[in-house]
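Remarks on the overall topology
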Amino acid sequence: MTTQITVDDQTPKANSSLNVDKTRLQEWVEKLPQILMDEYRDTNFEITFKGTQEDYQDIISAVEAYGNKINAKCTLDKTADIADAEATIDSIFEEIKKGPIPELKDKAIADAFEKAKNSQFEINVVATMSSGKSTLINALLGQQLMPAANEATTATIVKIVDTDQKNFSAVAYDKSGNTVAKISNVTLADMKKLNDDEKVSSVTIFGNIPFVKSTGMKLVLVDTPGPNNSRDKRHEEMTYKMIANSDKSLVLYVMNGQQLGINDEKIFLDYICQNMKEGGKQSRDRFLFALNKMDSFRPSAKYDGEGCIAKALDAAKKGLEDRGIYNPNLFPVASLPALQIRTKDEDEDEDEDAAELDGFRKRSAKYEEMRFENYYDYTHLTQTDRQRIENWQATHKGDELIEIHTGIPSIELAISQYVNKYARTTKICDLVHSFKDKLEELAAVANLQDAIAKDKNKKAELEKQIEKIKTNIQSAKDAQTLSKDIDKIDLTSKVQTEVKSYLEGVRRDTRSLMSGRNNKVEKIVAKQQCVELEKQVQAISIQIKVQIDMILEKSYKETINKVVEQYKKHLAALNMGINAGALSFNPLNLVSASLSNLSQIIEDNTETADESYYVREEYQKRVEGGFFRKAANILTFGRIADHTYETAYRNKRIAKYVDYVDMNEVASDYIVPFQKELQKTEQSAIEYVSGETIRLKEYLKAELIKIDKLLDEKLSALSQTEADSKAKAEEIALKEKNLKWLMNIQQQVKNIIEF
């Protein structure tokens, strides 16, 4: 993705922040007004944007955010929409397959094109406990398929792949990827059994996802176990990696609108926050927060009161902003009524929740605030999608209108919006690049051949160049220079700096886990606190693995790109593809292998306190002779007794012994070994990357030798063209025709990807 900016038809200065180059628009657009005001000392601008409607909307939002600080008139020079571009690429590729150039009909090119065309885009659904996540997914599917209950129900990872088939089928796998079960027509009962089966680690479902038709992509809904709710710890790692891979998926985070105590997922939300801060607007766009079960609110004065929906949204917004998640995309939704409406034709007679749906019908009709599609200040839907919703409101009635009020269609619009803005544009680039490089290569050769055939001087000139290049390729001196350049690559120091910086942040986080602990906590409470502490440390250890993996991957990619660019400068703009292989860095197990036994830590820091106490006890004290108290005289066998009773008090000891735990010491004993392991982890990463650097260097050297040979072959082919320049006129005419065809195809491709 590249952006070109001119100001008064002039290119900005070399040091200008407007030289955004290959940075995605969403990474810098929010700073655009400030950059303009700072660099041009003005507040009045006319901004013309050439590109898609979706990207233009981000320009508008950025300007509007500055209010009256800037006066900017914005204009859109709209390009063809995404669907048109995709259709054009299909048409071009069909023309290529039928065209006159055999090299373009290679199976590898066709396979690459089909792979890009059928690429999947994942929507990962994660949730806090009892959020109604499964009900929301069922609402998106329009079918009761995922088990739902007021408890943790997702023990497996479930992927729902959109297909054209009418029913849903499923394949279940164990931890090793072996097939456990195949079900041709899967039901809710089947899914409950698979979820309860400890042998099952993941399930892939195939079927029609109704709202996908509007996205233009093959979507995959991924029902992800929460970080604290998985049988397989690898699932937890996958969840964290999914969050960290900012360009790979969209995240739908489901929260219970009735229970906004989101401390249960503190570590997970903190990790989301960390990733949302990186990458600008796109990082925020890829996280959708669904506030579910909002249909349970009652805006009447007798119950939750007027404005209860906005208050709940504000509470959720504040909870996220307290963690540094600003301007979150918050969607109030009522997934159960939406599901009931979408499935009412299937089980209307058996619908036990009909009263709930009827209640939402009445409340959404009576109270405007129960129409969840209208909360644009929280959802941040574009003006285009707002207009679409308003059109729906005007043209729908009955349960179709109630379905809009549930807010589920708004979530679906937001997903489509993200896919159009990011995923489909990336898909277009992938489609083009599946054949663009081969087009350029063939066109370069064809142009040279054409020049040789038409101009004798060019023949001689090219022949000299060919000989010179071939001599250089075969020169041991040049080979040694290239080898030395590769040997100078230093991944270790770069990785060490990044890993060190990251782990220092982890140390700060873990130190905070030790602070604020009470030195006198009842043992039963201490055990609960330790369980939470253990969960937090386990989560952090998984995050460490994911982040170090990503640091290594980033460093390898940067290094490979540098070598390729350097080689291109030496030997013209030939294209190469590198597959560096999968990264497999596995740092030490930071929890189970190295931390002290948790129960022993508790015992070592437990003291029994004697908390026995006295209570004032009332009793009847006997008083002997002397005088009689009228009220206490007792007749015994006809005579008056010579004693009586009076009320007295005494102290009675109540024995109580309580085990108290010093949680300051427990946290310290638990965390300190973990922190010591971080040093070993850092060293392990450095040792690993040192070994990988050697492997990578040898790999690159071997790849470049292959390219040298390929270049030599192409140069020999050009020499042969020079030798055969006396070919028949018909052959020359055919080559000219093919060259024109190539040029035309190239221009069509350029028109698509260069706005």
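Here, every reference points to the structure presented above.
As a starting point, this report considers the structure included with it. (Residues numbered from 1 in each chain as written. Predicted model: local features only at pLDDT ≥ 70, side-chain atom pairs only at ≥ 80, totals over all residues. Heavy atoms only, no water.)

**Examining the overall build of the protein**
- Across its full length, the protein holds 24 helices and 18 strands.
- Taking all 755 residues of the protein together, 46% fall into the buried category.
- Contacts in the protein between residues at least 24 apart in sequence constitute 80% of all its contacts with a sequence separation of at least 6. (Helix = DSSP H or I, 4+ residues; strand = E, 2+ residues; numbered from the N terminus. Buried < 20%, exposed > 50% of the residue type's maximum accessible area, 1.4 Å probe, protein only. Contact = heavy atoms within 4.5 Å.)

**Thoughts on the side chain of Asn-138**
- Take Asn-138: it is sitting in helix H6 (residues 133-141).
- On the accessibility criterion, Asn-138 (0% relative accessible area) is buried.
- With sequence-adjacent residues up to four places away left out, Asn-138 is seen in contact with Gln-143, Gln-144, Leu-145, Met-146 and Leu-339.

**Some words on the packing of helix H4 (residues 82-98) against helix H5 (residues 107-117)**
- For the pair H4 and H5, the least separation of the axes is 12 Å and the interaxial angle reads 165°. Relative to H5, the element H4 is oriented roughly antiparallel. Note that H4 runs across H5; the crossing there is left-handed. Along its contact with H4, which presents Ile-89, Asp-90 and Phe-93, the element H5 presents Ile-109, Ala-110, Phe-113 and Lys-117. (Axes fitted to C-alpha atoms, helices over the stretch in contact; angles between N-to-C directions. Parallel < 35°, antiparallel > 145°, perpendicular 65-115°, else oblique. Left-handed = near helix turned anticlockwise from the far one by under 90°.)

**With respect to H4**
- Compared with the 24 Å implied by 1.5 Å per residue over 17 residues, the 25 Å span of H4 between its first and last C-alpha is a close match.
- Those residues of H4 that sit buried are Ile-82, Ala-85, Glu-86, Ile-89, Ile-92, Phe-93 and Ile-96. Viewed end-on, H4 has its buried residues packed into an arc of 125°, placing them on one side of the element. (Expected span 1.5 Å × (residues − 1). Arc of directions from axis to C-beta.)

**A short note on the pairing of strand S4 (residues 157-162)**
- Counting buried positions over the six residues of S4 gives five, a clear majority of the element.
- Strand direction decides the pairing type here: S4 and strand S7 (residues 202-207), joined by six bridges, are parallel. Bridge assignment links Asp-162 to a residue of S7, and that residue is Gly-207.
- Relative to strand S8 (residues 218-223), S4 runs antiparallel, the two sharing four bridges. Pairing of Val-158 across the sheet is with Asp-223, part of S8. (Pairing = 2+ DSSP bridges.)

**Things to note about the nonpolar core**
- In this structure, Ile-272, Phe-289, Ile-309 and Ile-544 are the most contacted members of the largest nonpolar core, which totals 65 residues.
- At 11 residues, the largest contribution of residues to this core is made by helix H21 (residues 523-570).
- Other than its neighbours up to four places away in sequence, Ile-309 contacts Met-294, Phe-297, Glu-369, Met-370, Phe-372 and Tyr-375.
- With 49 residues, the next largest nonpolar core counts Met-146, Leu-250, Leu-252 and Ala-338 among its residues. (Core = buried A, V, L, I, M, F, W, Y, C linked by side-chain atoms within 4.5 Å.)

**Observations regarding the packing of aromatic side chains**
- The tally for this structure, following the rule as stated, stands at nine aromatic pairs.
- Seen in terms of ring centroids, Tyr-418 and Tyr-422 are 4.6 Å apart; in terms of plane orientation they differ by 45°. Their pairing is tilted. You can see Tyr-418 and its partner Tyr-422 sitting in helix H17 (residues 408-454), four residues apart, about one turn around the helix.
- One aromatic cluster is present, built from ring pairs that chain together Phe-93, Phe-113 and Phe-435.
- A cation sits over an aromatic face here: Arg-298 above Tyr-303, 4.9 Å from the ring centre. (Phe/Tyr/Trp six-rings, centres within 6.5 Å; stacked < 30°, edge-to-face > 60°. Lys NZ or Arg CZ within 6 Å of the ring centre and 35° of its normal.)

**Remarks on the environment of Gln-274**
- Structurally, the position occupied by Gln-274 is in helix H9 (residues 266-276).
- Note on Gln-274: relative accessible area 27%, which makes it partly exposed.
- As a C-alpha pair, Gln-274 and Ile-243 span 31 residues in sequence and 9.9 Å in three-dimensional space.

**Some thoughts on the sheet that holds strand S11 (residues 329-332)**
- Across the sheet, which stays open at both edges, the nine strands sit in the order S6-S5-S7-S4-S8-S3-S9-S10-S11 with mixed pairing between neighbours. Every interior strand has two partners, whereas the edge strands, strand S6 (179-183) and S11, have only one. Across the sheet, the mean angle separating the axes of adjacent strands is 20° when strand polarity is ignored.
- Sitting on the sheet, helix H11 (residues 308-321) touches strand S9 (249-256), strand S10 (287-292) and S11, and the angle it makes with S11 is about 150°.

**So, the pattern of salt bridges**
- Enumeration according to the criterion identifies 18 salt bridges in this entry.
- With its nearest N and O atoms 2.6 Å apart, the salt bridge here joins Glu-86 to Arg-424. Of this pair, Glu-86 sits in helix H4 while Arg-424 sits in helix H17, and the two are 338 residues apart along the sequence.
- Residue Glu-86 is classed as buried on the basis of its relative accessible area, which comes to 11%.
- A relative accessible area of 8% means that Arg-424 is categorised as buried.
- Here Asp-285 ties to Lys-421 by a salt bridge, and the two come within 3.6 Å at their closest N and O atoms. Here the residue Asp-285 occupies a position in helix H10 (residues 281-285), and Lys-421 occupies one in helix H17, the gap between them amounting to 136 residues. Of the two residues, Asp-285 and Lys-421, neither departs from the other in class, the shared state being buried. (Salt bridge = Lys/Arg side-chain N within 4 Å of Asp/Glu carboxyl O.)

**Things to note about unusual backbone geometry**
- The phi dihedral of Arg-41 is positive, around 50°, even though this residue is not glycine.
- Relative to the assigned elements, Arg-41 resides in the loop between helix H2 (32-40) and strand S1 (44-51).
- If you check the backbone angles, His-380 has positive phi at about 60° while not being a glycine.
- Along the chain, His-380 falls in the loop between helix H14 (376-379) and helix H15 (383-395).
- Overall, the relative accessible area of 33% leaves His-380 in the partly exposed class.

**Examining helix H7 (residues 188-196)**
- Along H7, the positions that sit buried rather than exposed are Met-191, Leu-194 and Asn-195. The buried residues of H7 occupy an angular sector of 100° when projected down its axis, which confines them to one face. Exposed positions of H7 whose direction lies more than 90 degrees from the buried face are Lys-193 and Asp-196.
- Taken together, the buried residues of H7 touch S4, strand S5 (169-173), S6 and S7.

**Some thoughts on the side chain of Gln-26**
- Residue position: Gln-26 is located in helix H1 (residues 25-28).
- Residue Gln-26 is classed as buried on the basis of its relative accessible area of 1%.
- A polar contact of 2.9 Å, which involves the side chain of Gln-26, links it to the side chain of Asp-55. (Polar contact = N/O pair within 3.5 Å; in protein donor to acceptor, adjacent residues only side chain to side chain.)

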